[in-house]
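Letter by letter, the chains look like this.
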Protein chains: 2
Amino acid sequence: MTAYDDLMAFERQTQALGQVAGRLGWDQETVMPRGAGPQRAEETEALEHVLHERRTDPRVGDWLDDIDTTALDAIGQANLRQIRRRYIRTKRVPIKLAGEIARVTSSAQGIWADARANNDFTMFRPILETVVALKQAEAQALADGGDPYDALLDDYEPGATSAQLEAMFDALRPRLVSLRDRIMGAAHQPAPLVGTFSENAQMKLTREIAKAFGYDMAHGRIDKAVHPFSSGSGLDVRITTRTNAADPFGSIYSTVHEVGHACYEQNIDREHLLTPLGAGVSMGVHESQSRIFENQLGRSRAFTGWLFARMGETFGPLSTPDAEAFYGAVNRVTPGFIRTESDEVQYNLHVLLRFDLERDMIAGRLAVADLEEAWNTRFEKDFGVAVDQPSHGCLQDVHWSVGLFGYFPTYSLGNVYAGCLMKALRAEVPEVDDHLAAGEPGKVTRWLAENLQRHGGLYEPREVITRACGGEAPSEVPLLEYLEEKFGGIYRL
Amino acid sequence: MTAYDDLMAFERQTQALGQVAGRLGWDQETVMPRGAGPQRAEETEALEHVLHERRTDPRVGDWLDDIDTTALDAIGQANLRQIRRRYIRTKRVPIKLAGEIARVTSSAQGIWADARANNDFTMFRPILETVVALKQAEAQALADGGDPYDALLDDYEPGATSAQLEAMFDALRPRLVSLRDRIMGAAHQPAPLVGTFSENAQMKLTREIAKAFGYDMAHGRIDKAVHPFSSGSGLDVRITTRTNAADPFGSIYSTVHEVGHACYEQNIDREHLLTPLGAGVSMGVHESQSRIFENQLGRSRAFTGWLFARMGETFGPLSTPDAEAFYGAVNRVTPGFIRTESDEVQYNLHVLLRFDLERDMIAGRLAVADLEEAWNTRFEKDFGVAVDQPSHGCLQDVHWSVGLFGYFPTYSLGNVYAGCLMKALRAEVPEVDDHLAAGEPGKVTRWLAENLQRHGGLYEPREVITRACGGEAPSEVPLLEYLEEKFGGIYRL
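Notes on the structure follow. (Residues numbered from 1 in each chain as written. Chains lettered and ligands numbered in written order. Predicted model: local features only at pLDDT ≥ 70, side-chain atom pairs only at ≥ 80, totals over all residues. Heavy atoms only, no water.)

Quick word on the relation of the copies chain B and chain A
Aligned on chain A, chain B shows an RMSD of 0.0 Å; the corresponding rotation is 180 degrees and the shift along the axis is 0.0 Å. Both chain copies can therefore be described as sitting about a two-fold axis. Comparing contact sets, 100% of the residues at the interface of chain B also lie at the interface in chain A, consistent with an isologous, same-surface contact. (Least-squares fit on C-alpha atoms with pLDDT ≥ 70 in both. Contact = heavy atoms within 4.5 Å.)

Here's what the structure looks like:
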């Protein structure tokens, strides 16, 4: 056994324990008895403690020092790069702080859910203050003198900086605002889909669509939860969804979104199973998969043509008279409060709001006590309507309750990547629309599996996107061109 | 912080991780995707490895040496006794062997389920041979020169020996055989309940009954699984059941049985949560709770009177014309293959068969290759009928696949304890039958919660039974007298 073998054997167990922690999170969101919270918080903290101890085990440092990197192949180099990055980062966070964050966020999530159900931000405020204070401390420790927010961002998008992202978002914003204004002022406005849609039938259709997009039910499952999510890597990748009798698109498109995440995890080459390369390489790349599944493919004219017919079979005649009207209903742009229900045009504006507010909170420029007001003020400015209730405002997302600061901007980065990938996909798979129109999106997503997903953590985020795009570096232009063409058509601009 | 405080803080995390391991087992049996097995095996092994490392951590030995036991109260003494026993036992098993057992039994369980579904013992044989060899090695290591089988037994029933149990079983057997012979030869034979019973309605009724017996759904849940079981301690105690459209008693009584286990775990004083005292003290005492719930209470004339009416409301008119006939149907004694479906009279004969065969396997007197034949020969001798298929024979129980050798005899010990407890309960709660007849078994089980369950691991197994029974030492006589009176009445002997 070489030092590399020893390190990888140790790492494999750490990865397995990380999967257990993920399973515990899934359990908490889907099946945990409602009175089990306090005990679960201790269970989660204990497991986090073990993971932290392993990630900062002095033997890892010794192995990293002892390994002759020149003797390693590309896979070995990539594994080592991932382990070293995590080791350095984890060592910077005191074990007591890491345990405290795990414990507090575990109970904060339940409190957030109650606060949202009661539409009362003051219920959530005290624990969010604690979470923010803990994340500020973590950011300081991680930054090691650098920018605290960037240190958090690096957890989700290695190598990215907020300055970079701001530049990209500055290029996105004016053209999105302009597009949105033209859409809002357009004479032609597509009608929404209206009606009541059996929630059981929605779940059944949702499962069918998930499988059609390539989700492997032998290595996954679909359950209901408050917030849709994907969880796990390799042979056990589970997704959740939620249903609403008045809005079947909510369950269908949140499922297709999570299927994008889940397929990425399921399609990674088996040789990377339970190694640092056995999971998606970054949140931005992850989001590129969920968004291209959901939007560029799932909300395309071709796929919605198939979906129009299939939903007619499932639910009876629809309020939209034909596939073209249905396509308009799927892609309606209207003022709305909820990020996850937002259209492709305004979605990134939701993200930018959160990106700015969370940077202010971490920097100490915005107190949690002032968050609700800051959110509401900013929202009215960006979206032209006042937030009517906290569950439509700053209580709508789970992220901050579980300590995910620095995560939101990766959503918009993912959209940009999805734009790049779709351009490449259309060039390389000319029959895209034929497959989608036939209800066979799996024949399209196969290209993503083979050109991007299978690599897992083998290449760095920008590199794996660039490779899949035939060497073209990521840019926001393809996304903007796609949106302008698509919505120009729908709204007859 | 004293050495005791340090030890208990460390132990609390170990207990929490043990709960996580239990949750992982529950997940595997209920919701895990079917293709996740190989990854799950590694996850389970990794967690088992962590638990083993913690249980043998040299600091535990140092703390145990350093603690001034005279300064501890009764709870402290009991905690220390439990930790010391486990420490000594765990140290004896090499970590590699413990990990191997976890890994092999994790996949053996899936293989067993497939073999049972295919009715083919040869599918199960190779992995069972591996399991037995590993358990023999573990028994040798644990016994430290003593009897290997007793060393395994001690895991489930601290302080018990197979010689002790044999003596007890020798006193049980002749009177049970005699009772069974008289029953089989009786002129009056109760008719079975026949019909088809909606499995959804069974699940609904089963939930209602579980709650009536005292099961707290805020700290538990009921799911379907191949094998009914109870899992977890404290604030998260889950049970599983299975349904059969032709036999509603299967789901009702397996649920009441598991509810007995689960209530024991749920009712332990909260001050013991996540300490060594926060779980049932032994399998025998555990089984006394499941069996008294299931049989002495659940199959009583009084409760079945209520159940007869309730099942009539649920399923329409029953094939049994009145409550008396229904009581007979619930308690029918007929030749049968399956332990878990067996009546109270023959149940212990099923257990004795397994007790003898597993002692022979661990001692090396019986090869796994000869198990099916040995089972079938012994079964025909004890029960008078030939096993018709392996799923009715040596493939019926999950236990051996997961390495549970030494567990079976605790079932009969539990029956003996249940007999003692029922005698005490009748003396102290004279209105037992009124509560049961009113469909309020929770008012009866409360006595068990207060006099036994709440103590968790505070007292040793025999001691907690003796205390609950007002100082009377455990004996098989109350069980025998109860059975002879009950079945003498039903069969008009």
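Now, onward.
Observations concerning unusual backbone geometry
Only a minority of non-glycine residues have a phi that is not negative, and only a minority of peptide bonds are not trans. All names here are of chain A. A positive phi angle is found at Asn 119, which is not glycine, with a value near 55 degrees. Considering the arrangement of structural elements, one finds Asn 119 in the loop between helix 5 (95–118) and helix 6 (121–143). For Asp 144, which is not glycine, the phi dihedral falls at a positive 50 degrees. Inspection of the secondary structure assignment puts Asp 144 in the loop between helix 6 and helix 7 (148–156). Assessed through its relative accessible area of 56%, Asp 144 is described here as exposed. (Helix = DSSP H or I, 4+ residues; strand = E, 2+ residues; numbered from the N terminus. Buried < 20%, exposed > 50% of the residue type's maximum accessible area, 1.4 Å probe, protein only.)

Overview of the interface of chain B and chain A
By convention, interface size is frequently given as the accessible area that disappears when the constituent parts associate. In this complex, chain B contributes 39 residues to the contact, which on the side of chain A involves 39 residues. Overall, the association of chain B and chain A removes approximately 3,100 Å² of surface from exposure, summing both partners, and the carbon and sulfur fraction of that is 57%. Counting every contact that joins chain B to chain A gives eight salt bridges. Here B:Asp236 makes a salt bridge to A:Arg40, at a shortest N to O gap of 3.5 Å. There are 18 residue pairs in polar contact (both at pLDDT 80 or more) connecting chain B and chain A. Contributing elements (two or more residues each) for the side of chain B that touches chain A: helix 1 (3–30) and helix 2 (37–55) of chain B. By residue class, the composition of the side of chain B that touches chain A is 18 nonpolar, nine polar and 12 charged. (Buried area = accessible area lost by both parts, 1.4 Å probe. Salt bridge = Lys/Arg side-chain N within 4 Å of Asp/Glu carboxyl O. Polar contact = N/O pair within 3.5 Å; in protein donor to acceptor, adjacent residues only side chain to side chain. Nonpolar A, V, L, I, M, F, W, Y, C, P; charged D, E, K, R; others polar.)

Notes on the pattern of salt bridges
Applying the stated criterion to the full structure yields 83 salt bridges over all chains. In this structure, the salt-bridge partner of A:Glu208 is A:Arg310, at a minimum N-O distance of 2.8 Å. Taken together, the residues span a long stretch of sequence, with A:Glu208 in helix 9 (residues 199–212) and A:Arg310 in helix 12 (residues 301–315) at a distance of 102 residues. Owing to a relative accessible area of 29%, A:Glu208 belongs among the partly exposed residues under this scheme. In this structure, B:Arg365 engages B:Asp360 in a salt bridge whose closest nitrogen and oxygen atoms are separated by 2.7 Å. One connected set of salt bridges, linked through shared partners, spans A:Arg23, A:Asp236, A:Arg238, B:Asp27, B:Arg40 and B:Glu43.

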